[in-house]
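Structural description and commentary
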Amino acid sequence: MNRHVLSVLVENQSGVLSRVSGLFSRRGYNIDSLSVGETEDPKVSRMTIVVSGDDYILEQIKKQLNKLIDVIKIVELDAEKSVFRELAMIKVNTTMETRASIIEIVSIFRANIVDVSNETLTVEMTGDESKIEAFINLMNNYGIAEVVRTGLTAIERGNKHIKNQIKGEEE
Amino acid sequence: MKAAEAIIKSLINENVDTVFGYPGGHILEVYEALRKSNIRHVLVRQEQAAAHSASGYARVSGKVGVCIATSGPGATNLITGIATAYMDSIPLVVITGQVNSSKIGRDMFQEADITGAAESFTKHSYLVKNENDLPRIIKEAFYIASTGRPGPVLIDIPSDIQAAKIEKTDIPETVDIRGYKPTTKGHVGQVKRAVKAISESKRPLIIAGGGVLLSHAEGELLTFVEKTGIPLVHTLMGKGSLPSLNRHYIGMIGNHGFSEANRAVAKADLLIIIGTRVADRAWGGIPEKTTEDVRIIHIDVDPAEIGKNVGTQIPMVGDAKTILTQMIDRIDTTDRTDTDEWLTQLKSFEGTVKCRKTGFVNPRYAMETLSKKLNDEAIIVADVGQNQIWAARYFEDRIGRSFLTSGGLGTMGYSLPAAAGAKIAAPERQVIAVVGDGGFQMSLHELGTISYYNLEIIILLFNNSRLGMVRELQDRFYGKANAVELDKNPDFIKLCNAFRIEGVRITTDSQLEDAFEKAIKHKGPFLLECVVDPDESTLI
């Protein structure tokens, strides 16, 4: 079961997210994560969908997504040629004794502290998944109160542009 | 102009002259505009029938079928009909009323999230939020329903939107949806490869599916078969793609197909699959291919069907009619392979089995007799179950004849309403609804529609007092189970009489000829009830 990252341009309309997520559940495909937001064109949203499956599943996912009228374009992003990022916010339990060492780790990871209270410290960080996992693992030693993650978002490196790639590439 | 009037104006612009429907509180504005128009409204007796009738109408007329229902239960009753059309790729535009747009989500009286509920079996759907979008939405809906791989499109319209004044009533001339650009023409390189594969093969075979009929490619298929000499088998939905008397015709494949046809698939070295997803039921009867490799050319307008159920070496995305024309143009009769020996090998049809018990009609013989009695333009609408299989196996296809059935979803109760739609689309053609006693009772209410509009349909009822297909499956898997019996069936003749429909009941094969003649001559709808042995099987 390989992991694949799909970048999908869709019409920025209500109901699109339900169509896409509904497609995955009714055809039995697994979504690892899905993130979505508006693009440079306010009429278009861009989804980053992380899926796992073999080549057959991946091909079916792409083809079935393409059949949705609201889907404009699908591109599979190659890990080597793309930048993958995720944003996470982690609320860590702190005491007077642990606070300094947590701050030290935060700076090693080049993460930001966005909130401090007597018992907690909230860290915001971006990175690929392995970086976030590594940070969460370290914070487990102190006790994590809450974690919230956006799911992966991704873009291709260089001058490649999703708009210049045609829909229905597998024909 | 009121938005409801703009809706009707848009329908007229799409050449809609007939709609099937059932009114209710949240679609009244549309009905009022409909009443003032020249569009014919056919009142069904339950909403599911509106979708089936629109589907039968679409398949016979070649146009998009239109059905209308109210919000809530009206809309949810449509669902089975929408799903039936979706599975068989039938172009429909389905219009439903919705509660006032400002009240959506508050669980109002007769509120249902129909776009959400029907999402997985509509090709596309709209929940209209601005009345000024209606001309564009309706234009798009008809375009989406009828192009590429056809399918049902749902438009859900809140009652306040129907009543709103619309500023711009102009209907756009063209449709431009950036996410929807279906491919129709076959890739030239693939056409070349396909033609080369045909010339290299020794035992080529065509598997024709419903896509051939949907793209109206019967003529091109015939030319292709004649030019190449390639034998043909078909799926249930592909019945009628080639006349069964053609010498290249082998038969129907699948669990309920002919073993000769299934064996042909197993023996072939090249399969040319046209317009079918070759689903489980079609592929089910094929003996395992072990000895040789087979090359597969798969032609389908939906790229997602290619490689989904069967692998392929030569995929061709496009419209069957266009691609067949491209192939015909490219094939040189000199590089045609000699298929005579292969064809002779395949031609050995089983004979008809006469009914062994007395006091019953043999449904196979009934279908064969009917085939001889009917015109060349007759339309057979089969229900689901044993009757469907008997009809599919033993009704003889001729040029101009049509065979309609719910092949994908397998919806019992399809035949009566679909036959009504078919008859309305083509009043001059003979229409026969073939149905079992189970399916008949699922759509009994449509006798009301058939009677009211005096639709000259012959209802051929195979009554075996069983859910025959269920009984057959139970026998096969669980021993003599007979868990489902319909022994206390009503008197169907009297029931039809109550709807002012005449009928006769026959119990032996010898009565068939006279009974069919009487039914065919009869003016108005007619029930021909054949009493069938409860132990009768679809397999021989």
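Refer to the structure printed above.
Here's a quick rundown of the structure. In this text the structure is predicted, and so the values were computed from the model without any measurement.

Secondary structure summary: chain A contains four helices and nine strands in total. Walking chain A from its N terminus toward its C terminus, one meets helices and strands in the order β-α-β-β-α-β-β-α-β-β-α-β-β. Taken along the three principal axes of its C-alpha coordinates, chain A extends 60 × 35 × 30 Å. Residues counted as buried form 43% of the 171 residues belonging to chain A. Averaging the positions of the 21 positive and the 26 negative side-chain charges in chain A gives two centres separated by 5 Å.

The subject of this paragraph is the pattern of salt bridges. Going through the model one piece at a time under the given rule, you end up with 38 salt bridges over all chains. Residues D17 of chain B and K63 of chain B are paired through a salt bridge, measuring 3.6 Å at the closest nitrogen-oxygen approach. With D17 of chain B in the loop between helix 1 (3-13) and strand 1 (18-22) and K63 of chain B in the loop between helix 3 (47-61) and strand 3 (65-69), the pair connects residues that are 46 residues apart, well separated along the chain. One salt bridge in this structure joins K308 of chain B and E305 of chain B, with 3.1 Å as the shortest N-O distance. The two residues K308 of chain B and E305 of chain B agree in class, both being buried. One network of salt bridges, with partners in common, ties together K67 of chain A together with R149, D302, E305 and K308 of chain B.

A word on the sheet that holds strand 18 (residues 526-531) of chain B. Residues and elements named next belong to chain B. As summarised here, the arrangement of the six strands in space is 14-13-15-16-18-17, forming an open sheet in which the pairing is parallel. In the strand order of this sheet, the two ends are held by strand 14 (402-404) and strand 17 (502-506), each with one partner. Strand after strand, the sheet turns through a mean of 15° between neighbouring axes, direction not considered. With six bridges joining them, strand 16 (residues 457-463) and strand 18 adopt parallel strand pairing. Counterpart to L461 in the pairing with strand 18 is E529. In the packing of helix 15 (residues 363-373) onto the sheet, contacts are made with strand 13 (379-382), strand 15 (431-436) and strand 16, and the angle to strand 16 comes to roughly 165°. Contacting strand 13, strand 14, strand 15 and strand 16, helix 16 (residues 386-394) crosses the sheet at an angle of about 135° to strand 15.

Parameters at a glance
In this numbering scheme, every chain counts its residues from 1 along its sequence in written order. By the order in which they are written, chains take letters starting at A while ligands take numbers starting at 1. Local features in this predicted model are restricted to residues whose pLDDT is 70 or higher, and side-chain atom pairs enter the listing and the counts only when it is 80 or higher, whereas totals over whole chains, interfaces and linings include all residues. The side-chain figures draw on all heavy atoms in the structure; neither hydrogens nor water molecules are used. Per the convention used, a helix needs a DSSP run of H or I reaching at least four residues, while a strand needs a run of E reaching at least two, with both numbered from the N terminus. Each residue's exposure class comes from its accessible area (1.4 Å probe, protein chains only) as a fraction of the maximum for that residue type: buried when under 20%, exposed when over 50%, partly exposed otherwise. In this charge count, Lys and Arg are treated as positive and Asp and Glu as negative; neither His nor the chain ends contribute. Where a charge lies is defined by one atom per residue type: Lys uses NZ, Arg uses CZ, Asp uses CG and Glu uses CD. Salt bridges are defined by distance alone: a side-chain nitrogen of Lys or Arg within 4 Å of a carboxyl oxygen of Asp or Glu. The rule for pairing is simple: two strands pair if DSSP sees at least two bridges between them. Only the stretch in contact is used when fitting a helix axis, every axis being a line fitted to C-alpha atoms; angles between N-to-C directions are given from 0 to 180 degrees. Whether two residues are in contact is decided by their heavy atoms: any pair within 4.5 Å suffices.

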